[in-house]
Amino acid sequence: MTTKKDISTRILHADRLGGVEHGAVLKPLHIATAYGYATAAELTAVFQGEKSGHVYGRQGNPTTQALEAKLTMMEDGIGTVCFATGMAAICSTMMALLRKGDHVVASRFLFGNTASWFNTLTQLGCDVTLVDATDAANVEAALRPETRLVFVETIANPRTQIADLKAIGDICKAKNILYIVDSTMTTPDLFQPKSVNATLVVHSLSKAICGHGNALGGSITDTGLFDWSTYPHILPAYKKGAPATWGLLQIRKKGLRDMGATLSSEHGHRIAAGMETLRLRMAQACSNANALAKFLEAQPLVSRVHHASLASHAQHDRAAALFRNFGPLLSFETVDGVDPFDVLDALQIVIKSSHLGDNRTLAIPVARTIFWEMGAEQRKSMDIADSLIRVSVGIEAQADLIADFSQAFSRVAAAHQ
């Protein structure tokens, strides 16, 4: 199918046009762990990468392979490796590519578990420098001769800071440094990190790409922009074929195979089905988030709202230039004297949950849950207030969603009179 077709059309028809068993319109669920071949020579050719095929379920199966093909298409990349979770994708990739003594530069506005991983990475002999990546000058100033990669997120969770993605990409390209961009909060529907020279694109497939809160998964997509023949840690066994493929091959072998964080075929099947409606769901969720952010900004019990659709957001213009919309993630702070627990408990439609990118709207008190472990000092450095409430906006009717927040604020206000 010509690439001139819209991405939604191509996702819907990708499986059947690639040839699916028995004329099915989507790839069926393959649950086999082992794969047999007619001859030992054929088996050996698959093992050595001379022939396409599957050798063992830990490295993938036909169901997850079909999902990888669709993710590659969505990111305009050259290949994708799927993992059991987004964190598995991040950790396995870095374990495959980094060595003791390497240096990493990352945004200091990171998802809590990612920040925890970087702390672990330092204990394994790598040095990590966290900087305010909303200004590319901070990233450039932190680079060293031993810097191997730069890691940022498109929209930070939970405070929605937006890294200077293009300028950082230009720096990494000029200095030949790996540039890894976690695009979970934007998805390929709103943004393609390849447009800012990203080397690798990370997704937590559990979030908006799946959308239904019924599967875990993660992925790494290679955009094809990096010359892996210049990277010092590619093992000789993986220097075969075009150098553009070396990095992803090492990630699949030393990351996925050796670490064992395999995406199950059942979850891969659910994610592939969920992604078919990504554009429709993101359109509704983003519209709801834009309207809710504007509503919250006018509430007397709210002191600050963080969503890039608002002119008050520090990176509003950057987001408008980079993204197709502003995303379904927002957060807000209550005024002094108002406990965020009271607001959350007064909500009737919104679910108190730590997930993101669900069809349902979810909210959580950040400082006392997902960022509690890191301590008050680090929360302060990330500008995470004790009253901060994170909202993952879903696809409910917009009027119902705003009405729910309205009645919640009315109840809390009445209780404080």
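To be clear, the structure that these remarks concern was listed above.
These figures come from a predicted structure and were not determined experimentally.

## Digging into the overall build of the protein chain
Right, so step 1: The number of helices and strands found in the protein chain is 15 helices and 12 strands.
Right, so step 2: Computed over the C-alpha atoms, the radius of gyration of the protein chain is 22 Å, within 12% of the 22 Å expected from 2.2 N^0.38 for a compact globule of 417 residues.
Right, so step 3: Once the C-alpha set of the protein chain is aligned to its principal axes, its extents read approximately 80 × 55 × 35 Å.
Right, so step 4: The buried share of the protein chain, reckoned over its 417 residues, is 54%.
Right, so step 5: Considering only residue pairs separated by 6 or more positions, the protein chain has 70% of its internal contacts joining residues 24 or more positions apart.
Right, so step 6: Carbon and sulfur atoms form 53% of the exposed surface of the protein chain, whose accessible area is close to 17200 Å².
Right, so step 7: On the protein chain, the mean spot of the 39 positive side-chain charges and the mean spot of the 39 negative ones are 6 Å from each other.

## Description of the packing of helix α1 (residues 7-17) against helix α3 (residues 62-74)
Right, so step 1: Across the interface, α1 lies against α3 with an axial gap of 10 Å and an inter-helix angle of 160°. Our classification of the angle between α1 and α3 gives roughly antiparallel. Here α1 and α3 pass one another in a crossing that is right-handed. Along its contact with α1, which presents Ile7, Arg10, Ile11, Ala14 and Asp15, the element α3 presents Ala66, Lys70, Met73 and Met74.

## A few points about the nonpolar core
Right, so step 1: Counting 36 residues, the largest nonpolar core has Met94, Phe118, Leu121, Phe151 and Trp228 as the members making the most contacts within it.
Right, so step 2: With residues near it in sequence (within four places) discarded, Met94 still touches Trp117, Phe118, Leu121, Leu149 and Phe151.
Right, so step 3: With 29 residues, the next largest nonpolar core counts Val131, Ala133, Ala142 and Ala163 among its residues.

## A look at helix α9 (residues 246-259)
Right, so step 1: With 14 residues, α9 should cover 20 Å at 1.5 Å per step; its first-to-last C-alpha distance of 18 Å lies within 8% of that length.
Right, so step 2: Those residues of α9 hidden inside the fold are in contact with α2 (40-47), α3, β1 (79-83), α4 (86-97), β6 (200-204) and β7 (218-222).
Right, so step 3: Once α9 finishes, Gly260 follows within two positions and takes phi at roughly 80°, a positive value.

## A word on the pattern of salt bridges
Right, so step 1: Summed over all chains, the structure comprises 21 salt bridges.
Right, so step 2: Ionic pairing is found between Glu42 and Lys51, a salt bridge with its closest N-O pair at 2.6 Å.
Right, so step 3: Between Asp76 and Lys194 there is a salt bridge whose closest N-O contact spans 3.3 Å. Taken together, the positions of Asp76 in the loop between α3 and β1 and Lys194 in the loop between α8 (187-190) and β6 put the pair 118 residues apart, joining distant regions of the chain.
Right, so step 4: The network of salt bridges with common partners includes Asp6, Asp189, Arg279 and Arg324.

## Brief notes about the pairing of strand β11 (residues 362-365)
Right, so step 1: Burial along β11 is two-sided: Leu362 and Ile364 and Ala363 and Pro365, pointing in opposite directions, are all buried.
Right, so step 2: Here strand β10 (residues 351-352) runs beside β11; their pairing, made up of two bridges, is parallel. Within β11, the residue paired with Lys352 across the bridge is Ala363.
Right, so step 3: Relative to strand β12 (residues 388-392), β11 is paired through four bridges, and the arrangement is antiparallel. Each bridged residue has a counterpart across the sheet, and for Pro365 the counterpart in β12 is Ile389.

## Brief notes about the sheet that holds β12
Right, so step 1: Spatially, five strands are ordered β8-β9-β12-β11-β10 in an open sheet, and the strand pairing comes out mixed. Across the chains shown, the open sheet's two edge strands, defined by having one partner strand only, are β8 (302-306) and β10.
Right, so step 2: In the packing of helix α11 (residues 278-297) onto the sheet, contacts are made with β8, β9 (329-334) and β12, and the angle to β9 comes to roughly 10°.

## Here we look at the packing of α11 against helix α15 (residues 398-415)
Right, so step 1: Their axes nearest at 10 Å, the elements α11 and α15 cross at an angle of 30°. If you check the angle between α11 and α15, you find them roughly parallel. For the pair α11 and α15, the sense of crossing is right-handed. Here Gln284, Ser287, Asn288, Ala291, Leu292, Phe295 and Leu296 of α11 come into contact with α15, specifically with Gln398, Leu401, Ile402, Phe405, Ser406 and Phe409.

## Quick notes on the environment of His203
Right, so step 1: Following the sequence through the fold, His203 ends up in strand β6.
Right, so step 2: Counting along the chain gives 50 residues from His203 to Lys253, while the straight-line C-alpha distance between them is 19 Å.

## A short note on a nonpolar patch on the surface
Right, so step 1: On the surface, a cluster of nonpolar side chains totalling about 270 Å² of accessible area is made up of Met95, Leu124 and Met259.
Right, so step 2: Note that Leu124 resides in the loop between α5 (112-123) and β3 (127-131).

## Examining the layout of surface pockets
Right, so step 1: Space inside the largest pocket adds up to approximately 970 Å³.
Right, so step 2: Of all the secondary-structure elements, those providing two or more residues to the lining of the largest pocket are α2, α3, β1 and α9.
Right, so step 3: For the lining of the largest pocket, the per-class residue count stands at 11 nonpolar, 15 polar and seven charged.
Right, so step 4: For the second largest pocket, the calculated volume is near 450 Å³.
Right, so step 5: Considering the residues around the second largest pocket, the lining is formed by 22 residues, among which Gly112, Asn113, Ala115, Ser116 and Met374 are closest to the centre.
Right, so step 6: Looking at the lining of the second largest pocket, the elements that each hand over two or more residues are α5 and β3.
Right, so step 7: The greatest single-element share of the lining of the second largest pocket, amounting to seven residues, is contributed by α5.
Right, so step 8: Residue composition of the lining of the second largest pocket, by class: 10 nonpolar, nine polar and three charged.

## Comments concerning the side chain of His306
Right, so step 1: With respect to the element layout, His306 can be found in strand β8.
Right, so step 2: Each residue touching His306, except ones within four places of it in the same chain, is listed here: Arg159, Thr160, His313, Leu330, Ser331, Glu333 and Leu388.

What counts, and at which threshold
Residues numbered from 1 in each chain as written. Predicted model: local features only at pLDDT ≥ 70, side-chain atom pairs only at ≥ 80, totals over all residues. Heavy atoms only, no water. Helix = DSSP H or I, 4+ residues; strand = E, 2+ residues; numbered from the N terminus. Rg over C-alpha atoms; globule rule 2.2 N^0.38 Å. Buried < 20%, exposed > 50% of the residue type's maximum accessible area, 1.4 Å probe, protein only. Contact = heavy atoms within 4.5 Å. Areas by Shrake-Rupley, 256 points an atom, 1.4 Å probe, with all protein chains shown as cover. Lys, Arg positive; Asp, Glu negative; His and termini not counted. Charge placed at Lys NZ, Arg CZ, Asp CG, Glu CD. Axes fitted to C-alpha atoms, helices over the stretch in contact; angles between N-to-C directions. Parallel < 35°, antiparallel > 145°, perpendicular 65-115°, else oblique. Left-handed = near helix turned anticlockwise from the far one by under 90°. Core = buried A, V, L, I, M, F, W, Y, C linked by side-chain atoms within 4.5 Å. Expected span 1.5 Å × (residues − 1). Salt bridge = Lys/Arg side-chain N within 4 Å of Asp/Glu carboxyl O. Pairing = 2+ DSSP bridges. Patch = residues over 30% accessible without salt bridge, like charges linked within 9 Å, V, L, I, M, F, W, Y side chains within 5 Å. 1 Å grid on protein atoms, 1.4 Å probe; cavity = no way out; pocket = protein on both sides within 12 Å on 5 of 7 lines; lining within 4 Å. Points joined across faces, edges and corners; volume = space filled by probe spheres on them. Nonpolar A, V, L, I, M, F, W, Y, C, P; charged D, E, K, R; others polar.

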